[in-house]
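# Structure assessment
The lines below spell out each chain.
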Amino acid sequence: MLNSEGSSLFKPTGDRVDAFWKWNSLKDKNNRKSVTCDFCHKTTTGGISRAKRHQLQIKGDVGSCKKVPEDVKLEMIAAYEKKIAETAAYMETMQEEDEEEEDGILEIARLKSGKKRPTTSNEASSTASNKRITTKKGPIDFLFSKAPEESIKLGKTMRQSSVNETYNKAARDRAVQYIARFFFRNGIPFNVAKSKSFKLMIEAIGTYGPHLKPPSYHELRVPLLKKELEYTKGLLRGHEEERIKYGCSIMSDGWTDRKNRTLINFLVNCSLGTQFVRSVDASEYMKTGQKIFELLDSFVEEIGEKNVIQVVTDNGSNYVLAGENSIILNEVFFCSYNF
């Protein structure tokens, strides 16, 4: 399909694509945020949802399309209302599932406590009215609670029979099923379960006890992210001191991602190990030796020229030219390898 300027347009296909792609297109098939209206050819940035508001003439953050035929507009309205109904039905189903999952969490608490399951209607209603059984902690609990790292070390030293005696298998089975469901529903790679930080998180939650309020979207996005950034900077401070004292090597490695972008990873190696610094999109100038030299030169300046002993890259012709420029300027030792 071509637009009025003669360039190609693309339409997403598949069973789960939105119905409004019938009246909208993409200039770049890898970028679904930038959507072009098939009627007025206006391009909006905000995905198919914003394109819908544009074509349905919903007032807000986007201008209205005046070129949609009346019969098509009726078809659009029907598709829009159908989508709303499907979303409402899905949310209702999810709410029911959430209630069932909450009951499952209460069942874990019951299994851990060793209490019998309520059998009569009176007992069941009594259990429902007391769903949130709070376990209050005093100051002494925080004095003697173990850090997650200590809990992990302690768990490794316990005999298997002791573990089986301490934790009820049925309760654990239910608890780990919720953890697995979190992985499945959010597309989290399974190798995350091998991560030390994942194990520390589980230990920290267990140490806190029931009814831990999870971090909000805002907390994860702003204050907690800032704290983690400062923590990471603290971990890397030793690397910075070490390369000032003994020098370091800069390493660069180019690769192509799924969107066919050429990216260059920059790393710094010193006696304490290798530190990833940043990844740069070099798609526009990857084949130009002068531009690659300028990029490497700016990175050397950032790390500190007096701290850099050598720059290590692959042996592509653009890197070789960049190395020649570096030698001419009498800068750091430049070497290329066939990785």
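Each remark here, short or long, concerns the structure printed above.
An account of the accompanying structure is given in this report. (Residues numbered from 1 in each chain as written. Predicted model: local features only at pLDDT ≥ 70, side-chain atom pairs only at ≥ 80, totals over all residues. Heavy atoms only, no water.)

## Structural notes on helix α1 (residues 47-55)
Spacing of three or four residues puts side chains on the same side of an α-helix, whose turn is 3.6 residues. For clarity, the threshold we go by: Here's how the labels work: a residue is buried when its accessible area is under 20% of the maximum for its type, exposed when over 50%, partly exposed in between, all with a 1.4 Å probe on protein chains only. Think of it this way: any DSSP run of H or I at least four residues long counts as a helix, any run of E at least two long counts as a strand, and we number them from the N terminus.
Most of α1 sits out of view: 7 of its 9 residues are buried. Those residues of α1 that fall on the buried side of the exposure criterion are Gly47, Ile48, Arg50, Ala51, Lys52, His54 and Gln55. Note on α1: the residue one or two positions beyond its end, Gln57, has a positive phi of about 60 degrees.

## A short note on the nonpolar core
Test applied: The criterion is simple. A nonpolar core is a set of buried Ala, Val, Leu, Ile, Met, Phe, Trp, Tyr and Cys residues joined through side-chain atoms within 4.5 Å. Throughout, a residue-residue contact means that at least one pair of heavy atoms, one from each residue, lies within 4.5 Å.
Formed by 16 residues in total, the largest nonpolar core has its most connected members in Ile250, Phe266, Ile303 and Val308. For this core, the secondary structure elements donating two or more residues are β4 (248-256), β5 (262-270), α11 (289-303) and β7 (308-314). Here this core gets 6 residues from one element, more than from any other, and that element is α11. Leave out the neighbours within four places in its chain, and Ile303 touches Arg243, Cys248, Ile250, Val268 and Val308. Core analysis: the next-biggest nonpolar cluster, separate from the first, contains 14 residues, Phe20, Val35, Val68 and Ala79 among them.

## Here we look at the sheet that holds strand β1 (residues 24-26)
Applied cut-off: Two strands are counted as paired when DSSP detects at least two bridges linking them. Orientation is described by axes fitted as lines to C-alpha atoms, over the contacting stretch for helices, and by angles from 0 to 180 degrees between their N-to-C directions.
Spatially, 3 strands are ordered β1-β2-β3 in an open sheet, and the strand pairing comes out antiparallel. Only two strands of the sheet have a single partner each, and these edge strands are β1 and β3 (43-45). Each neighbouring strand pair of the sheet contributes to a mean axis angle of 35 degrees, computed without reference to strand direction. Summarising the sheet, β1 and strand β2 (residues 34-37) pair through 3 bridges and their orientation is antiparallel. Bridging across to β2, Asn24 finds its partner in Cys37. Sitting on the sheet, α1 is in contact with β1, β2 and β3, with an inclination near 30 degrees to β2.

## Describing the packing of aromatic side chains
The test is simple: Only Phe, Tyr and Trp rings take part, Trp by its six-membered ring, and two of them pair if their centres are within 6.5 Å. Stacked means planes under 30 degrees apart, edge-to-face means over 60, and tilted covers everything else. Here, a charge over a ring is recorded when the distance from Lys NZ or Arg CZ to the ring centre is within 6 Å and its angle to the ring normal is within 35 degrees.
For the coordinates displayed, the defined rule picks out 5 aromatic pairs. Here Phe20 and Trp23 contribute two aromatic rings whose centre-to-centre distance is 5.2 Å and whose plane-to-plane angle is 80 degrees, an arrangement assigned as edge-to-face. The same class applies to Phe20 and to Trp23, which are both buried. Plain terms: the ring middles of Phe184 and Phe190 are 6.1 Å apart, the flat faces sit at 85 degrees to each other, and that makes the pair edge-to-face. A single burial state applies to Phe184 and to Phe190, both of which are exposed. Taken together, the ring pairs in this structure connect Phe182, Phe183 and Phe198 into an aromatic cluster. One residue, Arg181, lies across the ring of Tyr178, its end atom 5.3 Å from the ring centre.

## What to know about the pairing of β2
Along any regular strand, the residues point their side chains to alternate faces of the sheet. Residues of β2 alternate between two faces, with Ser34 and Thr36 on one and Val35 and Cys37 on the opposite face, all of them buried. In terms of strand pairing, β2 meets β3 through 3 bridges, oriented antiparallel. From the neighbouring strand, Thr36 faces β3, where its bridge partner is Thr43. Counting the residues between successive antiparallel strands, the hairpin from β2 to β3 contains 5 residues, one of them, His41, with a positive phi of roughly 65 degrees.

## Topic: the side chain of His54
By secondary structure assignment, the location of His54 is in helix α1. Assessed through its relative accessible area of 1%, His54 is described here as buried. Those residues in contact with His54 that lie beyond four places of it in its chain are Cys37, Cys40, Lys42, Val62, Gly63, Ser64 and Cys65.

## What about unusual backbone geometry?
Unusually for a residue other than glycine, His41 sits at a positive phi of about 65 degrees. Position of His41 among the secondary structure elements: in the loop between β2 and β3. Positive phi, normally seen in glycine, also occurs at Gln57, with a value near 60 degrees. Relative accessible area serves as the criterion here: at 30%, Gln57 is assigned to the partly exposed category.

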